[in-house]
Amino acid sequence: MLTFENLHITIGDFELRGDIKIETGAQVAIMGPSGAGKSTLFNAVAGFLSPSAGRIVWDGQNITTSVPADRPIALLFQDNNLFPHLTAFQNTALGIRPDLRLSDTQSQDVTDALAKVGLQEFEARKPAALSGGQQSRVALARVLVQHKPLILLDEPFAALGPALKAEMLDLLSRGIRESGGTLLMITHDPADAKRIADSVIIVADGQIAAPVETVALFENPPAALQTYLG
Amino acid sequence: MAARASLTIRLFGGAAIAVLLTLSLGTLIAVLLRAEAISGFGRPEWAAVRFTLMQATLSALISVSLAIPLARALARRQFPGRSALITLLGAPFILPVIVAILGLVAIFGRNGVISNILGFPLDIYGLQGILLAHVFFNLPLATRLILQGWLAIPSERFRLAASLGFTSGNVARTIERPMLIEIVPGAFLVIFLICLTSFAVALALGGGPAATTVELAIYQAFRFDFDLSKAALLASAQFVICAIAGIIALRLSIPQVAGGELDRTLDRWDAKSPFLRLQDGVIIILSAVFLLVPLSAVVLRGLPGVLEMPVSVWQAALRSIFVTVIATTVCMAMSLSLAFFVQNIKRGKIWVEGVSLLAIAASPLVMGTGLFLILFPMMDPSRAMLFITALVNAAMALPFALRALVPALRQIEGTYGKLADSLGMHGFTRLRYLYLPRLRRPLGFSAGLIAALAMGDLGVITLFSDPNRATLPLEMYRLMASYRLEAASGAALLLLMFSLSVFWIFDKGGRVNADV
């Protein structure tokens, strides 16, 4: 379980507060207006900025001040997820060892992960020789080999077309469900949330709201969400 | 743009190209024609060529090697004074060479601060002095170019690295090395080119058979022996060397120095260890001392010297202002004409840019000599000396101005071209209400650069070294050469202030009310 205990983030005049719980295995969308602090929350959970007060706890373990690498977290950004000078295989293998010295079993893991995302033929290609969708698949394969229990996504696949994006979300969601991981995904598109999220966290007006079941939320949206959806 | 306007553009562009061709190739031909018997390329000439290539290679190598750790330290550390230090790294562009040399001599010279501390005199003349001065000028340039490379790495990369548990070694191998492989050859080549044609440094710190560059040999052939055939031969050699380097430069991606953008640091989770902090701190402090101390020496020694300055210094200052105004006006007119010309022709852009590079390949001393010979039958060239100097300075600064203006113009056209077309903004209207307002910043910045270059240039003017017609840098050099160091320091301070002021005035002029 991921818990924000009286979490308080301050950046200059900007403030964000939250006191919520997210169950292990949940797939949660984070939504809210631009500038409300979705990415700030992402950075705090990933370890790129320190909260001014409160704690972030994962399965009873306080990770508020852990360095990014020590957190049980795998990340996917909106773009720049791949190194342009490394092959698909190497980009994936970074998830296992940053110095790329893999054992045979580990190499096999990488190959398996790339196969799982449908890229068995493309291991030796560099990102420039891959389509946008294929690049996203490589990044996804890396998340899978990292075997981290918590997956954090900041508007992933935003550059892809609707059909391709839906396909990637399904692939991601299925992969994480198989491994029993927990997913936190920032998105501005209600369709993403409806597609894979069981619940939604609204970040608005300096507050991180507790997760609400997705179907129920969109049937009866709170004021902040209503304004956002228009 | 409309067909009506394009005639004007062609006319101006063609005129600018004609002037450039005359200045670069025409002057070379004029010198070659006057050379009576083409003397052979003897040992001293080969020695000059070898020395030129060697010092340029070493200067570029040392500058880039020192710049890599400095740029890395600046990219990943935030400290008070960081932005001031980065501004300082831009200063050598507008710092007159001869002023910096005076500062370096004050620190590293025979009677300099370090000699006094060590108790035995250092020798700053010769190869080591030339290298010292070249590194002083080009370490900052290399650092800025490489720092840009670092800051251009998307911040997600470093976050990803932190999340994947990269050590600083992993970061160096996976993220930093590929960037360096891309940036460093270009930075090396830029500095190599600058050092190939550097004249004032060789004039002040070199000389003798062991430390004579081709450019210096041209000066000596013309000024001491009036041996035009030797000067022409050396000029051709210089032209060939620079042209080859220029062609290589066209093939490599040459990094550009952008204004600003360097005012941020990278968050680096891999570089938090005390050892790395200490290492970066030491590198930053040593570099700052190396760059600041000679300049402080100029200011400190110059202040009392201002009172010692003979009237001739003030007269020279007036002449320098005249040269600066003419050079800046001519260069801006030519570069704007060329920039619009390049923008409007469909084919042959590369040729136009090639012509502008001729100005780099041509030796300013040859340009001066050629203009002298062309004008000689018509009038007394020494009367036109200041104008020749201004014209040569304008030609030399042209590539820099074009580098700023051409991309800016392309961007304006790309962003607003269709909108302007649809509104029927053509010709003068488009120039007045679209291009000029949006070009203000690059125009101001490049005018500032040109003015500072012209103000501080100690090149072609040395050929005519007429005491009654000296510019401020030449007057300062003469005072230095006659060991009137007090007065020379005063003149140096004056020159430094003039160069900084002209840059500041133009650059500021481009920024005020420029809505971005």
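How each quantity is defined
Residues numbered from 1 in each chain as written. Chains lettered and ligands numbered in written order. Predicted model: local features only at pLDDT ≥ 70, side-chain atom pairs only at ≥ 80, totals over all residues. Heavy atoms only, no water. Helix = DSSP H or I, 4+ residues; strand = E, 2+ residues; numbered from the N terminus. Salt bridge = Lys/Arg side-chain N within 4 Å of Asp/Glu carboxyl O. Buried < 20%, exposed > 50% of the residue type's maximum accessible area, 1.4 Å probe, protein only. UniProt positions renumbered as here; feature names shortened; annotations may be inferred. Expected span 1.5 Å × (residues − 1). Arc of directions from axis to C-beta. Pairing = 2+ DSSP bridges. Domains from an automatic or database assignment. Buried area = accessible area lost by both parts, 1.4 Å probe. Polar contact = N/O pair within 3.5 Å; in protein donor to acceptor, adjacent residues only side chain to side chain. Contact = heavy atoms within 4.5 Å. Core = buried A, V, L, I, M, F, W, Y, C linked by side-chain atoms within 4.5 Å. Nonpolar A, V, L, I, M, F, W, Y, C, P; charged D, E, K, R; others polar. Phe/Tyr/Trp six-rings, centres within 6.5 Å; stacked < 30°, edge-to-face > 60°. Axes fitted to C-alpha atoms, helices over the stretch in contact; angles between N-to-C directions. Parallel < 35°, antiparallel > 145°, perpendicular 65-115°, else oblique.

1. Some details on the overall build of chain B
Inference 1: A count of helices and strands for chain B gives 20 helices and 0 strands.
Inference 2: Projecting the C-alpha coordinates of chain B onto the three principal axes gives extents of approximately 75 × 75 × 50 Å.

2. Regarding the pattern of salt bridges
Inference 1: The final tally for this structure, using the stated rule, is 18 salt bridges over all chains.
Inference 2: For Glu413 of chain B, the salt bridge is made with Arg430 of chain B, and the minimal N-O distance between the two is 2.8 Å. Of this pair, Glu413 of chain B sits in helix α16 (residues 385-422) while Arg430 of chain B sits in helix α17 (residues 427-456), and the two are 17 residues apart along the sequence.
Inference 3: Owing to a relative accessible area of 22%, Glu413 of chain B belongs among the partly exposed residues under this scheme.
Inference 4: By sharing partners, the salt bridges in this structure join Arg97, Asp99 and Arg101 of chain A into a single network.

3. Considering the UniProt feature "domain: ABC transporter" (unreviewed entry) in chain A
Inference 1: UniProt marks residues 2-230 of chain A with the feature "domain: ABC transporter" (unreviewed entry), using the numbering shown here.
Inference 2: Segment residues 2-230 of chain A splits into 35% helix and 24% strand. End C-alpha atoms: 31 Å apart.

4. Things to note about helix α3 (residues 104-116) of chain A
Residues and elements named next belong to chain A.
Inference 1: Taking 1.5 Å of rise per residue, the 13 residues of α3 would be expected to cover 18 Å, and the 18 Å separating its terminal C-alpha atoms lies within 8% of that figure.
Inference 2: Of the positions making up α3, those classed as buried are Val110, Ala113 and Leu114. When α3 is viewed along its axis, its buried side chains cluster within an angular range of 100 degrees and face the same direction. Residues of α3 that are exposed and angled more than 90 degrees away from the buried face: Asp104, Thr105 and Lys116.

5. Observations concerning the pairing of strand β4 (residues 53-58) of chain A
Residue and element names in this part refer to chain A.
Inference 1: Judged from the 5 bridges that link them, strand β1 (residues 2-11) and β4 form a sheet pairing that is antiparallel. Residue pairing in the sheet places Phe4 in a bridge with Ile56 of β4.
Inference 2: By the bridge criterion, 2 bridges tie β4 to strand β5 (residues 61-62) in an arrangement that is antiparallel. By the bridge assignment for β5, Val57 is matched with Asn62.
Inference 3: Between β4 and β5, which pair antiparallel in sequence order, lie 2 residues; one of them, Asp59, sits at a positive phi of approximately 50 degrees.

6. Observations regarding the domain arrangement of chain B
Much of the literature gives interface size as the accessible area that the parts lose upon coming together.
All names here are of chain B.
Inference 1: Domain boundaries in chain B define domain 1 (1-34 + 309-516) and domain 2 (38-300).
Inference 2: A C-alpha centroid distance of 24 Å is found between domain 1 and domain 2.
Inference 3: Approximately 3,400 Å² of surface area, both sides summed, lies buried where domain 1 meets domain 2, with 80% of it carried by carbon and sulfur atoms.
Inference 4: The interface formed by domain 1 and domain 2 holds 0 salt bridges in total.
Inference 5: Taken together, the connections running from domain 1 to domain 2 amount to 0 residue pairs in polar contact (both at pLDDT 80 or more).
Inference 6: Of all elements in the fold, only α1 (3-34), α14 (349-361), α15 (364-375), α16, α17, α18 (461-464), α19 (472-481) and α20 (485-511) reach the threshold of two or more residues within the side of domain 1 that touches domain 2.
Inference 7: In terms of residue count, α20 provides more of the side of domain 1 that touches domain 2 than any other element does, 10 residues in total.

7. A short note on the side chain of Thr462 of chain B
Residue and element names in this part refer to chain B.
Inference 1: Looking at the secondary structure, you find Thr462 in helix α18.
Inference 2: According to the relative accessible area criterion, Thr462 is buried, its value standing at 2%.
Inference 3: Residues in contact with Thr462, not counting those within four places in the same chain, are Phe199, Leu203, Tyr219, Arg223, Leu365 and Leu474.

8. Focus on the environment of Met480 of chain B
All names here are of chain B.
Inference 1: Tracing the backbone through its elements, the reader meets Met480 in helix α19.
Inference 2: Judged by its relative accessible area of 14%, Met480 is buried.
Inference 3: Residues Met480 and Ala491 lie 11 residues apart in sequence; the distance between their C-alpha atoms is 9.8 Å.

9. Structural notes on the nonpolar core
Most often, soluble globular proteins keep nonpolar side chains buried together rather than apart.
Inference 1: In terms of nonpolar packing, the biggest core is built from 218 residues, with Leu41 of chain A together with Phe136, Ile146, Trp150, Leu439 and Met476 of chain B touching the most fellow members.
Inference 2: Summarising the domain contributions, this core has at least three residues from each of domain 1 (1-34 + 309-516) and domain 2 (38-300) of chain B.
Inference 3: For Leu41 of chain A, the contacting residues outside a window of four places in its chain are Phe4, Leu7, Ile9, Leu16, Ile30, Val203 and Ile208 of chain A.
Inference 4: Judged by nonpolar contacts, the second largest core, of 41 residues, contains Ala139, Val143, Met185 and Ile202 of chain A.

10. Looking at the environment of Trp269 of chain B
Inference 1: One can find Trp269 of chain B in the loop between α11 (228-251) and α12 (274-305).
Inference 2: Taking the C-alpha atoms as reference points, Trp269 of chain B and Arg159 of chain B, separated by 110 residues in sequence, lie 8.0 Å from one another.
Inference 3: In contact with Trp269 of chain B, other than residues within four places in its own chain, are Gly47, Phe48 and Pro68 of chain A together with Phe158, Arg159 and Ala162 of chain B.

11. Thoughts on the interface of chain A and chain B
Inference 1: Every contact between the two is made by 23 residues of chain A and, on the other side, 16 residues of chain B.
Inference 2: Summed over both partners, the interface of chain A with chain B buries about 1,800 Å², with 62% contributed by carbon and sulfur atoms.
Inference 3: Counting across the chain A and chain B interface gives 0 salt bridges.
Inference 4: For the pair chain A and chain B, the interface holds 7 residue pairs in polar contact (both at pLDDT 80 or more).
Inference 5: Residue assignment for the side of chain A that touches chain B shows that the elements contributing at least two residues are β6 (73-76) and α4 (132-146) of chain A.
Inference 6: Among the residues forming the side of chain A that touches chain B, the class breakdown is 13 nonpolar, 7 polar and 3 charged.

12. As for the packing of aromatic side chains
Residues and elements named next belong to chain B.
Inference 1: By the definition in use, this model includes 13 aromatic pairs over all chains.
Inference 2: Measuring from ring centre to ring centre gives 5.8 Å for Phe136 and Phe290, while their planes differ by 80 degrees; the resulting arrangement is edge-to-face. Of this pair, Phe136 sits in helix α6 (residues 127-151) while Phe290 sits in helix α12, and the two are 154 residues apart along the sequence. The residues Phe136 and Phe290 share a single accessibility class, namely buried.
Inference 3: Between the aromatic rings of Phe340 and Tyr435, the centroid separation amounts to 5.2 Å while the plane-to-plane angle is 70 degrees, which identifies the pairing as edge-to-face. You can see Phe340 sitting in helix α13 (residues 311-344) and its partner Tyr435 sitting in helix α17, a full 95 residues away along the chain. For the pair Phe340 and Tyr435, one class covers both residues: buried.
Inference 4: Ring pairing ties together the aromatic residues Phe108, Phe136, Phe137 and Phe290, which thus form one cluster.

13. Here we look at the packing of helix α10 (residues 214-223) of chain B against α15 of chain B
Residues and elements named next belong to chain B.
Inference 1: With their axes 9 Å apart at the nearest point, α10 and α15 run at an angle of 25 degrees to one another. In terms of orientation, α10 lies roughly parallel with respect to α15. On α15, the residues that touch Glu215, Ile218, Tyr219 and Phe222 of α10 are Pro364, Leu365, Val366, Thr369 and Phe372.
Inference 2: In terms of residue class, the contact of α10 with α15 is made up of 7 nonpolar, 1 polar and 1 charged.

14. Some words on the side chain of His8 of chain A
All names here are of chain A.
Inference 1: Within the element layout of this structure, His8 appears in strand β1.
Inference 2: Assessed through its relative accessible area of 14%, His8 is described here as buried.
Inference 3: Within the local environment of His8, its side chain forms a polar contact with the side chain of Glu15, the two groups lying 2.8 Å apart.
Inference 4: Ignoring sequence-local partners within four residues, the contact set of His8 consists of Glu15, Leu16, Arg17, Pro51, Ser52 and Ala53.

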